[in-house]
Amino acid sequence: MQFRDLKAQYTALKEEIDNEIATVINDCNFISGMQVTKLEEQLADYVGVKHCVTCANGTDALMLALMAWNIGPGDAVFVPDFTFFASGEVVSYAGATPIFVDVCENTFNISPESLEKAILGVKNQGELQPKAIISVDLFGLPADYPKIKEIARKFNLPILEDGAQGFGGSIYGKKACSFGDISTTSFFPAKPLGCYGDGGAIFTDSTEIAYYLKSVRVHGKGTSKYDNVRIGVNSRLDTLQAAILLPKLKAFQDYELEAVNEVSERYTKLLGGIVKTPVIEEGFLSSWAQYSILLESEECRDRVQDELKKDGIPTMIYYQKPMHQQKAFSGKCIYFEELKITKMLCERVLSLPMHPYLREEDQIEIAKKIADIVKK
Ligand SMILES: *Cc1c(COP(=O)(O)O)cnc(C)c1O
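Our subject in this report is the structure included herewith. (Residues numbered from 1 in each chain as written. Predicted model: local features only at pLDDT ≥ 70, side-chain atom pairs only at ≥ 80, totals over all residues. Heavy atoms only, no water.)

**Notes on the overall build of the protein chain**
Within the protein chain, the secondary structure is distributed over 11 helices and 13 strands. Computed over the C-alpha atoms, the radius of gyration of the protein chain is 21 Å, within 12% of the 21 Å expected from 2.2 N^0.38 for a compact globule of 376 residues. Each of the three principal axes of the protein chain carries a C-alpha extent, and together these read 70 × 60 × 35 Å. Burial status across the protein chain gives 55% buried among its 376 residues. Long-range pairs, those at least 24 residues apart, make up 71% of the contacts in the protein chain with a sequence separation of at least 6. Accessible area for the protein chain stands at about 16500 Å²; split by element, carbon and sulfur atoms hold 50% of it. (Helix = DSSP H or I, 4+ residues; strand = E, 2+ residues; numbered from the N terminus. Rg over C-alpha atoms; globule rule 2.2 N^0.38 Å. Buried < 20%, exposed > 50% of the residue type's maximum accessible area, 1.4 Å probe, protein only. Contact = heavy atoms within 4.5 Å. Areas by Shrake-Rupley, 256 points an atom, 1.4 Å probe, with all protein chains shown as cover.)

Given below as structure tokens:
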């Protein structure tokens, strides 16, 4: 059994994907081919924002967003403590200070109450300038934007939505990657919409920021690549990856997002009452980058993982360590409370095999085994 079965997806889309790849190779337009522009238009249209600017990966997407806001030394950026390393890494890379914030027990996403406390904490300390909020749409579920936006407005802070895992999710029909002043996503193969290598994208309604991003991703180009008006980077999405994403985006819209939600409902029915299953609040839709259950203790979680592994069922622990405990942030980050929920989640979460092609019989087998192990 696969944790995320990319081969099953390829089998389903083989003809379209192979054709797209062959076209790029025939045309030899490997960099900035027309497939890149076409994909950007389709992505902006799907998400419901004015501009999509693709780039080399989801981490660069975050970094470029911070560059657009000129964030650097002396600035404080608020980041959930329970997320993938890159969400905080980019803040330190920019020379700013990540302020780690606890998450909600039910949604695993940034806690609005803890966020407000952290902003006030920085203001009271008076050493750093609060500059931005990075909210993460963890495991495919959009963060609580109605509440986060209220706080952002109150303190006049822009929101950077890290939608690396959130693409396809929504709140009352409004799509993930449209909630931030700038939003980003990743096309790493295992993400909800993945390519066959690294890839990323940035979304914004601001024409000025989109223009800046299109320049900075190609060495700060002006009228051409050889007219350089600012210091930039080299961070483009390959034409091949864009071409592969075109049929994948279509399948994602046509049936994959729906299929993965059916898979999650089935899991929840099978596992309800046995372990704590994910909570999706009213109006929210997840794109299920992960389906993560909560076991009663670390000992139990580790036992479930070991026993499933013996039976050939792969699981993952997202995430093992709170961000503020990562060695890389030692002495380089700030937090204002104990970050208890994150600590608890790191001890007790377990992500199960999850993808649109997961078969019902496999889910029944997984659930049955979990029930047996938990009861022991
Ligand atoms: C995967 C991921 C990223 C980074 O994306 P890459 O394309 O791997 O650079 C950033 N944030 C979160 C929350 C992620 O899951």
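Let us keep going from here.
**Some words on the site of the ligand**
Around the ligand lies a shell of 14 residues, among which Gly58, Thr59, Asp162, Ser186 and Lys191 are the nearest. Within the side chain of lysine 191, one N or O atom sits 2.7 Å away from an oxygen atom of the ligand. Starting from 380 Å² of accessible surface for the ligand in isolation, the protein chains cover 93%. More than half of the atoms of the ligand fall within 2 Å of the grid points belonging to the largest pocket. The set of elements that each furnish at least two residues to the shell around the ligand consists of helix H3 (58-68) and helix H4 (86-93). Each residue belonging to the shell around the ligand can be placed in one class, and the counts come to four nonpolar, eight polar and two charged. (Near = heavy atom within 4 Å. Polar contact = N/O pair within 3.5 Å; in protein donor to acceptor, adjacent residues only side chain to side chain. 1 Å grid on protein atoms, 1.4 Å probe; cavity = no way out; pocket = protein on both sides within 12 Å on 5 of 7 lines; lining within 4 Å. Sits in = over half its atoms within 2 Å of the grid points. Nonpolar A, V, L, I, M, F, W, Y, C, P; charged D, E, K, R; others polar.)

**Let's talk about the sheet that holds strand S3 (residues 97-101)**
The strand order across the open sheet built from eight strands is S1-S9-S8-S5-S4-S2-S3-S12, with neighbouring strands paired in mixed fashion. Each edge of the open sheet carries a strand with a single partner, namely strand S1 (51-55) and strand S12 (334-335). Relative to strand S5 (residues 159-162), strand S4 (residues 129-136) runs parallel, the two sharing four bridges. Bridge pairing in S5 places valine 136 opposite aspartate 162. Across the sheet, helix H7 (residues 207-216) lies against S1, strand S8 (182-186) and strand S9 (200-204), angled at about 20° from S1, the strand it touches most. (Pairing = 2+ DSSP bridges. Axes fitted to C-alpha atoms, helices over the stretch in contact; angles between N-to-C directions.)

**Regarding the layout of surface pockets**
Looking at the largest pocket, its volume works out to about 480 Å³. As for the largest pocket, its lining consists of 24 residues, of which Phe84, Gln165, Ser186, Phe188 and Lys191 are closest to the centre. The set of elements that each furnish at least two residues to the lining of the largest pocket consists of H3 and H4. By residue number, the principal contributor to the lining of the largest pocket is H3, which donates three residues. The residue makeup of the lining of the largest pocket, split by class, is 12 nonpolar, eight polar and four charged. Space inside the second largest pocket adds up to approximately 380 Å³. Along the wall of the second largest pocket there are 21 residues; nearest its centre are Lys214, Ser215, Arg217, Val218 and Lys221. Elements with a contribution of two residues or more to the lining of the second largest pocket: helix H2 (34-47), S1 and H7. (Points joined across faces, edges and corners; volume = space filled by probe spheres on them.)

**Observations regarding the pattern of salt bridges**
As enumerated under the stated definition, the model contains 15 salt bridges in all. Where glutamate 40 meets arginine 217, a salt bridge forms, and the shortest distance between an N and an O atom there is 2.9 Å. Separated by 177 residues along the polypeptide, glutamate 40 in helix H2 and arginine 217 in the loop between H7 and helix H8 (239-271) bring together distant segments of the chain. Looking at glutamate 40, the relative accessible area reads 8%, which means it is buried. We classify arginine 217 as buried; its relative accessible area is 12%. (Salt bridge = Lys/Arg side-chain N within 4 Å of Asp/Glu carboxyl O.)

Note that every value here comes from positions in space, so none of it alone points to a role or purpose.
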